[in-house]
Amino acid sequence: MEINLNCDLGEKSTHYSGINDLKLLKLIDTANIACSYHAGSVLTIGKTIINAKKNQVSIGAHPGFNDKKNFGRKKINLTKNELKNLIREQLEIINEISLLNNWPISHVKPHGALNNMACEDIEISLIISKTIKEFDRDLIFIVSPTTQMEVAAKKVQIKYACEIFADRNYQDNGQLVPRNNKNALILDPIIGSKNILKMLNESSIITYSGKKIKCDIDTVCIHGDNKNAQMLAEELIKILSANDYNFLNLNKL
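Since the structure is predicted, the reported quantities are computational estimates derived from the model, not experimental observations.

**Observations regarding the pairing of strand β3 (residues 58-62)**
Regular strands show a simple pattern: their side chains alternate between the two faces of the sheet.
Consideration 1: Counting buried residues along β3, five of its five residues qualify, which places the element largely inside the surrounding structure.
Consideration 2: You can see the chain leave strand β2 (residues 30-34), run along helix α2 (residues 42-54) and come back into β3, and the turn it takes is right-handed.
Consideration 3: Relative to strand β4 (residues 105-108), β3 runs parallel, the two sharing three bridges. When the bridges of β4 are listed, Ile59 appears paired with Ile105.

What follows is the structure in structure tokens.
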């Protein structure tokens, strides 16, 4: 059995120091790199790509709202053209730096509030999907399974991969428990890892209430700014490896 382990990285900001990034790059398969809008900078992008290449970690764009004050976690309503430009601009930024380092991007994963909005809104998901495909039809769109993101990816006929989270709980509608809810985060690495193993074995999202939602699962995410991110990655690798899961870069699945 094959699975991919990804992390959101390059998010150095007033909200997060980036202290986990180098440690995580020695453990994970794939990095989603902030494109300097919700967090990070051109310098941080370059450093993260260089270190990803050293560790043979595949990389992708992690575009979010242009809102460093709120770390891209506040919903912002944009017009169709504004949203298209938001995605396109960030893809251009990271793509240029990746090519300079001879380590091209392989995928795109929206960040934070943008991702949450895309889960619920087919029009937002369609705009993101079409913008990615227009930029590079070979890029993989990382989507939340059973949401409008997956629907849009299929409709646009773009390559996509379904992602679940190791450090977050799910609602009964298959979407993440909002961060302002006390049950949003999973902080215990053992609980998070066992939860992921069960979801993979049952090909289902398992919600906080215990409901099972059948879905495809290609990749597992750990948020890089989670204080227990390294311990969670280590525990997850240990448990999945012991259960015959092999880890691969996203573009090799």
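This is not the end of the story, as more comes after the structure.
**With respect to the pairing of strand β1 (residues 2-9)**
Consideration 1: In terms of burial, β1 is a largely internal element, seven of the eight residues being buried.
Consideration 2: Both β1 and strand β10 (residues 246-247) contribute to a ladder of two bridges, which runs parallel. Paired with Ile3 across the two strands is Phe247, which belongs to β10.
Consideration 3: With five bridges joining them, β1 and strand β9 (residues 219-223) adopt parallel strand pairing. Across the sheet, Cys7 pairs through a bridge with Ile222, a residue of β9.
Consideration 4: Judged from the four bridges that link them, β1 and β2 form a sheet pairing that is parallel. The residue of β2 that forms the bridge with Leu9 is Ile33.

**Here we look at α2**
Consideration 1: The terminal C-alpha atoms of α2, which comprises 13 residues, lie 19 Å apart, in line with the 18 Å expected from a rise of 1.5 Å per residue.
Consideration 2: If you check which residues of α2 are buried, you get Thr44, Ile45, Gly46, Thr48, Ile49 and Ala52.
Consideration 3: The elements touched by buried residues of α2 are β1, α1 (21-25), β2, β3 and α3 (80-100).
Consideration 4: A positive phi of about 55° marks Gln56, the residue just after α2.

Parameters at a glance
- Residues numbered from 1 in each chain as written.
- Predicted model: local features only at pLDDT ≥ 70, side-chain atom pairs only at ≥ 80, totals over all residues.
- Heavy atoms only, no water.
- Buried < 20%, exposed > 50% of the residue type's maximum accessible area, 1.4 Å probe, protein only.
- Helix = DSSP H or I, 4+ residues; strand = E, 2+ residues; numbered from the N terminus.
- Right-handed = clockwise from strand over helix to strand, strands pointing away.
- Pairing = 2+ DSSP bridges.
- Expected span 1.5 Å × (residues − 1).
- Contact = heavy atoms within 4.5 Å.

Such coordinate-based values are descriptive only and should not be taken to indicate function.
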